[in-house]
Amino acid sequence: MGKALIIGCGAVASVAIHKCVQNDEVFNEICIASRTKSKCDELKAKLDGKTSTKISTAQIDAKNVDELVKLIENVKPDVVIHLALPYQNLAIMEACLRMKVNYLDTANYESEEIPQFSYKEQWAYNDRFKAANITALLGSGFDPGVTGVFVAYAMKHHFDQIETIDILDCNAGDHGYPFATNIREVTDKGCYYENGKIVKTESMEIKRVYNFPQIGKRDMYLIHHEEMESIIKNVPNLKRFRFFMTFGESYLRHLRCLENVGMTSIEPIEFQGHKIIPLQFLQAVLPNPASLGSRTKGKTNIGCIFYGTKDGKPKDYYLYNVCDHEECYREVGSQAVAYTTGVPAMIGAAMLMTGKWNLKGVHNIEEFDPDPFMDALNKFGLPWQESFTPDKVE
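Residues numbered from 1 in each chain as written. Predicted model: local features only at pLDDT ≥ 70, side-chain atom pairs only at ≥ 80, totals over all residues. Heavy atoms only, no water.

Caption draft 1: Quick look at the overall build of the protein. The helix and strand tally for the protein stands at 14 helices and 18 strands. Against the compact-globule benchmark of 21 Å for 394 residues, the protein has a radius of gyration of 20 Å, which places it among compact chains. Projected onto the principal axes, the alpha-carbon positions of the protein cover approximately 60 × 55 × 40 Å. Put simply, the protein has 394 residues, and 58% of those count as buried. Sequence separation of at least 24 residues holds for 73% of the intrachain contacts in the protein that already meet a minimum separation of 6. Carbon and sulfur atoms make up 48% of the accessible area of the protein, which totals about 17200 Å². (Helix = DSSP H or I, 4+ residues; strand = E, 2+ residues; numbered from the N terminus. Rg over C-alpha atoms; globule rule 2.2 N^0.38 Å. Buried < 20%, exposed > 50% of the residue type's maximum accessible area, 1.4 Å probe, protein only. Contact = heavy atoms within 4.5 Å. Areas by Shrake-Rupley, 256 points an atom, 1.4 Å probe, with all protein chains shown as cover.)

Right, here's the structure in full:
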């Protein structure tokens, strides 16, 4: 069918690459490019001989537009799958524009200097992508990503009007460490959307307890998450949107301690004659997410609870996926957090390469037809489940 250029070779990229070579009818060729080419070569060596997909590798500085343009020119891909850092989104989008190649990512653009999550700078590319007759698919991970597809599916098949959406993200995995990742999401102030307004909260201010299917009761906290920005734009007359994520007390206790001593700051400081950013230093000394796969046990449950009307009658609907960390590791050598992001990245790229999704311009995932994506979730390891009598979130 075609060729994909995959930028990044971390845990999420590794999952997506495993899934691309499983789907070799679509992905005849892939090129894996990263700052550290040896990681790409190592993964290529593991996969060679196990798939008909032709694999090549390359070294790339993903912040350098000219380097990216040269790489795209050499590889000649049908789509660029960006699975590196969100700080690099705009550079890679610019390179795709110059070469008129489709683009996909799994998270919105972040500035390294300013702690914010927003699509606005990427949406600003819409007219240029349309003029180039190419597509930028934003947020093709799980949340954002599959949650947006769930929203589109609910709108298409179950509701005349959706009034409220609660996204619930529960990771009940245990890797044996007291603390790992998710720092910026947790330390930022929370917010939700209600009656046409964004309501801001303090970090971890709003707590709920929810009984997650196949997991049980967990504490979850309202946080700001990026898909709110696109979903309130793309779901007409939505009254309320909230996003909740589970965190254990041990995790929060460690986080508060690190905040108190300034380790979560993104303000540069002088240290032994060098400028360093405390948060970046902290992330460097914490366990690498790619190393957690073999240690992690338990499950994730991520989904959307909808309330609205159908044929003039009130309706509740819960659409979710449960993923097992150990099963993911046995299949692709990564835990479920990486798996639930890498699989949808591959599926989104396949939607573009096969022409099943063909909107030109810059679009979030809930703007596309959800049905072929939902079918692919069941086929490639993220089967979805539904309930018409879910427990509600207060």
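Caption draft 2: The pattern of salt bridges, seen in detail. Throughout the structure, instances matching the rule amount to 17 salt bridges. For the salt bridge of R242 with D166, the shortest nitrogen-to-oxygen distance reads 2.8 Å. In this pair, R242 is assigned in strand β12 (residues 240-246) and D166 in strand β7 (residues 161-171), connecting sequence segments 76 residues apart. With its nearest N and O atoms 3.4 Å apart, the salt bridge here joins K207 to D219. (Salt bridge = Lys/Arg side-chain N within 4 Å of Asp/Glu carboxyl O.)

Caption draft 3: Helix α4 (residues 89-99), seen in detail. Of all eleven residues in α4, nine are buried, a share of seventy percent or more. Buried within α4 are the following residues: N89, L90, A91, I92, M93, E94, A95, C96 and L97. K100 lies just past α4 and shows a positive phi near 55 degrees.

Caption draft 4: Spatial organisation of the pairing of strand β15 (residues 299-310). Pairing of β7 with β15, which is carried by ten bridges, proceeds in the antiparallel orientation. Looking at β15, one finds that Q161 is bridged to T309. With twelve bridges joining them, β15 and strand β16 (residues 313-324) adopt antiparallel strand pairing. Counted as the bridge partner of N301 is V322 from β16. What sits between β15 and β16 in their antiparallel hairpin is a turn of two residues, with D311 showing a positive phi close to 55 degrees. (Pairing = 2+ DSSP bridges.)

Caption draft 5: Region of the structure containing the nonpolar core. F27, I30, I81, F150, I165 and F306 are the most contacted members of the largest nonpolar core, which totals 80 residues. Counting residues per element, this core draws most heavily on helix α13 (residues 336-354), at twelve residues. In this structure, I30 is in contact with A4, I6, I17, C20, V21, T53, K54, I55 and S56, ignoring residues within four places of it in sequence. In this structure, A33, I92, A95 and I134 belong to the second largest nonpolar core, which totals 33 residues. (Core = buried A, V, L, I, M, F, W, Y, C linked by side-chain atoms within 4.5 Å.)

Caption draft 6: Focus on the pairing of β12. Taking burial as the measure, the seven residues of β12 include seven buried ones, the bulk of the element. Residues R240, R242, F244 and T246 line one face of β12 and the alternating positions F241, F243 and M245 line the opposite face, and both faces are buried. Examined bridge by bridge, β7 and β12 share six bridges and lie parallel to one another. Its bridge partner being in β12, D166 is matched across the sheet by R242. As paired elements, strand β8 (residues 190-194) and β12 share two bridges and run antiparallel to each other. Note on β12: the bridge partner recorded for Y193 is F241. Direction of pairing for strand β11 (residues 216-222) relative to β12: antiparallel, over a ladder of three bridges.

Caption draft 7: Examining the side chain of S230 more closely. Position of S230 among the secondary structure elements: in helix α9 (residues 227-234). S230 has contacts with Y119, W123, N364 and E366, leaving out every residue within four places of it along the chain.

Caption draft 8: Seen up close, the packing of aromatic side chains. Under the defined criterion, the tally for this structure stands at 13 aromatic pairs. Here the aromatic rings of F159 and Y317 are separated by 6.5 Å at their centres, their planes lie at 55 degrees, and the arrangement is tilted. With F159 in the loop between α7 (146-157) and β7 and Y317 in strand β16, this pair connects stretches of sequence that are 158 residues apart. For the pair F159 and Y317, one class covers both residues: buried. (Phe/Tyr/Trp six-rings, centres within 6.5 Å; stacked < 30°, edge-to-face > 60°.)

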